[in-house]
Amino acid sequence: MTHSDEIPRPRGERDVRYFKGSTDGKRPLTKDPLEGAASAYDLVVIGSGLGGLTAANVLGRAGHGVALLEQHYNFGGLATWFRRKGGHTFDISLHGFPIGMKKTCRKYWTQEIADSIEQLDGVRFDNPQFSFETEFTRVDFTNKLVDVFGLERAKVEAFYDELRRMDFFDPTTETTGELLERCFPGRNDVHRLLMEPISYANGSTLDDPAISYGIVFSNFMSKGVYTFSGGTDTLIKKMKAELVANGVEIFNSVLVDKIVIEESPMGERRVAGVEALGRFIAAKAVVSNANVLTTVHKLVGAAHFDPDFVAKAGKVRLNTSSCQVYMGVRDGAELPWVTDLLFTSTRPTFTSESLCDFHGESRTFSFYYPKTRPQGRPRYSVVSSTNARWEDWAELDQAAYDAAKDKLAADTLACLEGYVPGVGGLIDHVEVATPRTFAFYTEHPTGTSFGTKFEGLEVSTQLPDEIGGLFHAGSVGIIMSGWLGAANYGAICANKVDAWLYSLAEVSA
Amino acid sequence: MTPEEVVVAIKDIIQTIAPDEEVDGLDMNERLRDQIELDSMDFLDIVMELRKLYGVQVPEEDYKELGTLQGCVDYLGPKLADKELHCASRA
Ligand SMILES: Cc1cc2nc3c(=O)[nH]c(=O)nc-3n(C[C@H](O)[C@H](O)[C@H](O)COP(=O)(O)OP(=O)(O)OC[C@H]3O[C@@H](n4cnc5c(N)ncnc54)[C@H](O)[C@@H]3O)c2cc1C
């Protein structure tokens, strides 16, 4: 990813069109990416993140005519991977997800995909306040909070129960920070344990609503952390095969420029289709898996919405982005077992904002052992992730940008050395991704890794009330992000699209 | 469909969505969620199956009517009266 997020430079071949992807960020288009596409579909899905893929699959399976258009050459959105010389494969967002993904994959994909989901063997925390291995289950966290942190068991149980009971439709105005302070006053160490994994998982902070925290916490910090055995490439390959089997027509390297809206004489707005690569494709419904704000402002355009709605969308805050360092162990060398997922920090106390610090002291390591890809040669890699702010990276000139990336790589390797002495000698590929990289690959504004803050969910769900047949399915509102959140939101959206297409068919019947 | 067939239809849909659950002994009046593992996503799937199999639209504000089997019979009975029972899980 390193070399690819810079401004694409033409290489002399005037008439060759490039698109993003590949090791240098561009690949020549050798054929028309829309070759074979029909002029009209029941539904066009824009974007192939897990939200878009799942919506497309559920609706294709239900018998609708679906086209899926993705601007990148790979499908999967942030659920992605890349390969490098030396036989390296790096996964971007395979650190882990809740067990609920198994059921979601069984219902909206296949039993076979669900069966490849396996629990991680190890999750570890290491920071100045505490250091231990955890099963990442309600039972184990409760025991830790009692035995290590000295809390009363009843208080911990009450916390878990209260969060389980939180009602999305009846939210309070409490923030996550207030909730944690009310339940465990003055215990920054406890707040760290209960918040740090959630902040990493969805970019939320102590200032975000308690309700979004409660929902994610109850799903996530209760039954362990899971992964997809076979790697992200295998998952997406299986999903593609399933889409095709369900009659979904999938097209990569197709950037959608516009969602076309038509207005009836009565002033009713409805989607007519999309424009991509200079072509119009008609559709009765459009599902956008692009960021919700991109959908409103860029793909549709503010002029097609009520001014009140545009004002509401204008208040939606984007979530933060990420930095990653990918470290590949040379072929033939082995990493000793450390753990699968390590939350590490040298910061004495916890604030959720500090996880975004430019050159901060906190990061997560995902250690990938041969079990990640049991089908291939035994390989090892380590991916370090931090949350990050676009503003810290956006304005750097090339020299400063390269220097900042080098520093991040060096700091990360030094930190890793503390867990695997001599690791530097085992690694033969190091590469850095920044918010600029994520923006480049996904077209997401400010490289947002997890969509928007809570208020974005309402804007996303109200799109069809504004414009008939316009839907959004993708990371939004904190709770609908991550692999599980995005996939489930795709299925929720599919149900709405199905109802819409059904009602159109009834009218015309 | 008779009210008895509505129950068969619903149990059949539940079976496709939650194959590990035992649907035969379900009580008519107890909440479905309290008897078997069904979450809000599963209810969406039930609604989608009803539309697909029987052309019945259940608007979001009526989802709560489907909380018990008896509720399903009361709410869906009239909508399904002139429909034939298909069994998805046995199809
Ligand atoms: C570094 C990092 C680590 C993460 N780790 C985890 C993890 O361990 N576990 C977890 O559960 N989640 C993780 N996540 C979050 C998770 O990956 C995302 O929330 C989820 O994959 C997002 O899915 P989505 O449906 O919102 O779409 P996205 O993945 O955001 O995809 C949107 C797609 O739309 C395409 N697109 C946008 N505009 C257009 C256009 N105009 N025309 C055509 N295509 C377009 C983009 O190219 C992209 O493919 C991580 C995220 C990041 C950034």
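Fair warning: this is a prediction, and the values are worked out from it, not measured in the lab.

1. Things to note about the overall build of chain A
Looking only at helices and strands, chain A has 16 helices and 20 strands in total. Taken over C-alpha atoms, the radius of gyration comes to 23 Å for chain A, in line with the 23 Å a tight globule of 509 residues would show. For chain A, the spread of C-alpha atoms along the three principal axes comes to 65 × 55 × 45 Å. The 509 residues of chain A split such that 60% are buried. A separation of at least 24 residues holds for 73% of the contacts in chain A among residues at least 6 apart in sequence. When the accessible area of chain A is evaluated, it comes to approximately 20,200 Å², of which 53% is carbon and sulfur surface. Side chains of chain A carry 52 positive and 65 negative charges; the gap between the two charge centres is 4 Å.

2. Regarding the environment of A:Gly360
All names here are of chain A. Turning to its location among the elements, Gly-360 is positioned in the loop between strand E16 (341-345) and strand E17 (362-368). According to the relative accessible area criterion, Gly-360 is buried, its value standing at 19%. In the structure, Gly-360 is positioned 26 residues away from Thr-386 in sequence and 8.5 Å away in space, judged by C-alpha atoms.

3. Let's talk about the site of the ligand
All names here are of chain A. Close contacts around the ligand come from 39 residues, with Glu-70, Gln-71, Leu-78, His-444 and Ser-475 the closest. Note that an oxygen atom of the ligand is positioned 3.4 Å from one of the backbone N or O atoms of Leu-50. Taking Ser-93, its main chain carries an N or O atom lying 3.3 Å from an oxygen atom of the ligand. Computed on the free molecule, the ligand has an accessible area of 1,000 Å², of which 95% lies beneath the protein chains in the complex. Mapped by element, the contributors of at least two residues to the shell around the ligand are helix H1 (50-61), strand E15 (321-329), helix H14 (435-442) and helix H16 (482-508). Among the residues making up the shell around the ligand, the classes are represented as 17 nonpolar, 20 polar and two charged. Here the shell around the ligand gathers at least three residues from each of two domains, domain 1 (1-30 + 85-99 + 117-135 + 224-229 + 320-449) and domain 2 (32-73 + 252-317 + 450-508).

4. Some thoughts on the domain arrangement of chain A
Residue and element names in this part refer to chain A. Considered domain by domain, chain A is made up of domain 1 (1-30 + 85-99 + 117-135 + 224-229 + 320-449), domain 2 (32-73 + 252-317 + 450-508) and domain 3 (137-223). With centres defined by C-alpha atoms, the gap from domain 2 to domain 3 works out at 34 Å. If you look at the interface, domain 2 gives seven residues, while domain 3 gives 13 residues. Interface area for domain 2 against domain 3, summed over the two sides, is near 850 Å², with a carbon-plus-sulfur share of 74%. Our enumeration of links across domain 2 and domain 3 arrives at one salt bridge. One salt bridge connects Lys-453 with Asp-208, and the closest N-O pair in it is separated by 2.9 Å. Joining domain 2 to domain 3, the criterion identifies one residue pair in polar contact (both at pLDDT 80 or more). A class-by-class count of the residues in the side of domain 2 that touches domain 3 yields five nonpolar, one polar and one charged.

5. Re the UniProt feature "domain: Carrier" (unreviewed entry) in chain B
Within the UniProt annotation, "domain: Carrier" (unreviewed entry) is assigned to residues 1-80 of chain B. Taken end to end, residues 1-80 of chain B has its terminal C-alpha atoms 6 Å apart, with 57% of it in helix and 0% in strand.

6. Regarding the nonpolar core
Membership of the largest hydrophobic core comes to 131 residues, with the highest contact counts inside it found for A:Phe159, A:Tyr213 and A:Ile259. Element by element, the count of residues in this core is highest for H16(A), at 13 residues. Setting aside anything within four residues of it in sequence, one finds A:Phe159 in contact with A:Leu179, A:Leu180, A:Cys183, A:Phe184, A:Leu194, A:Tyr213 and A:Phe217. Counting residues in hydrophobic clusters, the runner-up holds 29 residues, among them B:Leu38, B:Ile46, B:Val47 and B:Val73.

7. Structural notes on the environment of A:Val287
Structurally, the position occupied by A:Val287 is in strand E14 (residues 279-288). Discounting residues that sit within four places of it in the chain, A:Val287 has contacts with A:Leu43, A:Val44, A:Val45, A:Ile46, A:Ala55, A:Phe471, A:Ala473, A:Cys493 and A:Val497.

8. Side note on the sheet that holds strand E18 (residues 381-388) of chain A
Residue and element names in this part refer to chain A. On the basis of which strands lie adjacent, the open sheet formed by seven strands has the order E9-E8-E16-E17-E18-E15-E19 and mixed pairing. Every interior strand has two partners, whereas the edge strands, strand E9 (131-134) and strand E19 (427-433), have only one. The sheet shows a mean angle of 15 degrees between the axes of neighbouring strands, direction not considered. Sheet topology places E15 next to E19; six bridges connect them, and they run antiparallel. Its bridge partner lying in E19, Gly-328 is registered against His-429. Of the strands in this sheet, strand E8 (123-126) and E9 are in contact with helix H4 (residues 138-147), which crosses E9 at around 155 degrees. Lying on the sheet, H14 is in contact with E15, E18 and E19; it crosses E15 at an angle near 95 degrees.

Rules and cut-offs
Residues numbered from 1 in each chain as written. Chains lettered and ligands numbered in written order. Predicted model: local features only at pLDDT ≥ 70, side-chain atom pairs only at ≥ 80, totals over all residues. Heavy atoms only, no water. Helix = DSSP H or I, 4+ residues; strand = E, 2+ residues; numbered from the N terminus. Rg over C-alpha atoms; globule rule 2.2 N^0.38 Å. Buried < 20%, exposed > 50% of the residue type's maximum accessible area, 1.4 Å probe, protein only. Contact = heavy atoms within 4.5 Å. Areas by Shrake-Rupley, 256 points an atom, 1.4 Å probe, with all protein chains shown as cover. Lys, Arg positive; Asp, Glu negative; His and termini not counted. Charge placed at Lys NZ, Arg CZ, Asp CG, Glu CD. Near = heavy atom within 4 Å. Polar contact = N/O pair within 3.5 Å; in protein donor to acceptor, adjacent residues only side chain to side chain. Nonpolar A, V, L, I, M, F, W, Y, C, P; charged D, E, K, R; others polar. Domains from an automatic or database assignment. Buried area = accessible area lost by both parts, 1.4 Å probe. Salt bridge = Lys/Arg side-chain N within 4 Å of Asp/Glu carboxyl O. UniProt positions renumbered as here; feature names shortened; annotations may be inferred. Core = buried A, V, L, I, M, F, W, Y, C linked by side-chain atoms within 4.5 Å. Pairing = 2+ DSSP bridges. Axes fitted to C-alpha atoms, helices over the stretch in contact; angles between N-to-C directions.

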